[in-house]
Each structure stands twice: as C-alpha cells, then as structure tokens.
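The primary structure of each chain is shown beneath.
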Amino acid sequence: MRKLTYYVACSIDGFIGDPKGDASSMYQFVNEEFLDYLRTEYPETVSAEGRAALGMTDLEHRRFDTVVQGRGSYQVALDVNITSPYGHLREYVASRTLGESPDANVTLITEDVPGAIRKLKAEDGELGIWLCGGSQLAGELLDEIDELVIKTYPQVYGSGMPMFGADFAVTDFALESVRAFDNGVLVRTYSRKR
Ligand SMILES: NC(=O)c1ccc[n+]([C@@H]2O[C@H](COP(=O)([O-])OP(=O)(O)OC[C@H]3O[C@@H](n4cnc5c(N)ncnc54)[C@H](OP(=O)(O)O)[C@@H]3O)[C@@H](O)[C@H]2O)c1
C-alpha cells in the first residue's frame, strides 16, 4: 500500500498561507542548508521550474512519484502560464470546474476524490503520493492521510489559510522525526495512528 503524505509549509500557528493562501513570507527561510536538505530528502517536491534553476533536474525521486493538488493550489501555476508545475511526477488535480485538463501530464479528478486516492494508494510501487494541498483538499482527504511532513517556518500569522479546511475532529498522529535548521525552520514527520 502506497502512503499519502501531506507535505506542507506552515507558520508556527498552523497556517499554510495568508487568508488567500499566499505563503511567500516563508521563502526567505529557504537558504543553502535547507536547499541541501531538499536536494537530499525531497528533490521531487521542488517545482520543475525550480529544479531547472537550481540544477536539480537529474536528481532521483526519494519519496514520491505522484502529486495531488486541489485546483486552488494548481491555479497558482496556471496564473503564471505553467500547466504542469511538477512535470517530473504524475500530476492529479481535483476540480469540478476546469472541464478539460490543460496539460497531457495532468489528470483531473472530478468526483469521488477519496476513492481516486484509494486507487492510487492500492497501486504497486515503492514511492508514495504527495498531497501538495491546499487547505480545502487536505480537509477532504484527512481520512486518507498516512503521514504528515510539516515544514514549520518561524513566523506567526495570526490568521490565514488553515492546514486543513475541515470540521473539528481529533485525529491522532505519532511523531516520527524532527529536523531543526539553524534558521529556526523545523521539519516534523508524523505517521498516522490507525
Ligand atoms: N504552504 C503550502 O505548502 C501550500 C501548499 C499548497 C497550496 N498552498 C496554498 O493553498 C491555496 C489553495 O488552497 P485552497 O484551500 O484555496 O484550494 P485547494 O484545496 O487547492 O483547491 C480547492 C479546489 O479543489 C477542487 N476540489 C476540492 N474538493 C473537490 C472534490 N471533492 N471534487 C472535485 N474537486 C474538488 C475544487 O476545484 P473547482 O473549484 O475547480 O471545482 C476546489 O475549489 C493556494 O493559495 C496555495 O498557495 C500552500
């Protein structure tokens, strides 16, 4: 069974962006130490454009071969005329409104998103599925999430877009590892307790 991992950047108080989802205040923390970590541990989570700019295109995938996004998250790329932001992965986008996929590498999921994810999880393969976000999709897929990798940047937002757009319910996770960076960034990995 392949894992669904919500790998996401957030503020100390658990927001993945400002009220509209913009997380650009966090970019300043992506320094050489953090980039080395990404190169070693999560190279496939850097966008195709970023990989090209950083000389990372030849790096092998470490954790994921598939990415799932909501249309809100995908729209950030569409807005700058990028139709396949993670072309080195299989890309799935949940949307009821896009109609037709804008890119041959992008498969739309138009209904029963949890069911589509369960089918992906049931496929054979060593590598897992990256749930990129955003908030609404993560809330809908909370029951399917097997692992959380939370990159916490040392900023408080006060309010903003929550990590999960979901109703109140307690879900238990077990802490697997913590990596602290000199600039105050923390990456915590949790596995779901089933
Ligand atoms: N900090 C981070 O690491 C991070 C990561 C990812 C994203 N983000 C931010 O998150 C923001 C987007 O989050 P969001 O919550 O607004 O949107 P989202 O979760 O990315 O996308 C929501 C959209 O997904 C589609 N969708 C959701 N559930 C569906 C279902 N059951 N069936 C079919 N389609 C479904 C719908 O698209 P249609 O309206 O087309 O039907 C819905 O409007 C962006 O601003 C992005 O920058 C931050």
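All values reported here derive from a predicted model rather than from experimental measurement. (Residues numbered from 1 in each chain as written. Predicted model: local features only at pLDDT ≥ 70, side-chain atom pairs only at ≥ 80, totals over all residues.)

Novice: Can you walk me through helix α3 (residues 71–78) in this structure?
Specialist: The α-helix winds at 3.6 residues per turn, so residues separated by three or four positions along the chain end up facing the same way. Buried within α3 we find Ser73, Tyr74 and Ala77. Angularly, the buried residues of α3 cover 95° about the axis, an arc narrow enough to put them on a single face. Against the buried residues of α3 lie β3 (64–70), β4 (90–94) and β6 (128–133). (Buried ≥ 20, exposed ≤ 12 C-beta atoms within 10 Å, placed from the backbone. Helix = DSSP H or I, 4+ residues; strand = E, 2+ residues; numbered from the N terminus. Arc of directions from axis to C-beta. Contact = placed C-beta atoms within 7 Å.)

Novice: Even after reading the chapter, I still don't get the sheet that holds β3, so can you show me in this structure?
Specialist: Spatially, β5-β4-β3-β6-β1-β7-β10-β9 is the arrangement adopted by the 8 strands of the open sheet, whose pairing is mixed. The two strands at the open ends of the sheet, each matched to only one other strand, are β5 (106–109) and β9 (173–180). In this sheet, adjacent strand axes meet at a mean angle of 25° when their direction is disregarded. Where strand β1 (residues 4–10) and strand β7 (residues 147–152) come together, 6 bridges link them in parallel fashion. Bridge pairing links Ala9 to Lys151 in β7. Sheet strands touched by α3: β3, β4 and β6. Its angle to β3, the strand with the most contacts, is close to 100°. (Pairing = 2+ DSSP bridges. Axes fitted to C-alpha atoms, helices over the stretch in contact; angles between N-to-C directions.)

Novice: When you look at the pairing of β6 in this model, what are you seeing that I'm missing?
Specialist: Side chains on a regular strand alternate between the two faces of the sheet. Where burial is concerned, most of β6 is hidden: 6 out of the 6 residues are buried. Note: β1 against β6, 3 bridges, orientation parallel. Counterpart to Thr5 in the pairing with β6 is Trp130. Sheet topology places β3 next to β6; 5 bridges connect them, and they run parallel. Counted as the bridge partner of Gln69 is Gly133 from β6.

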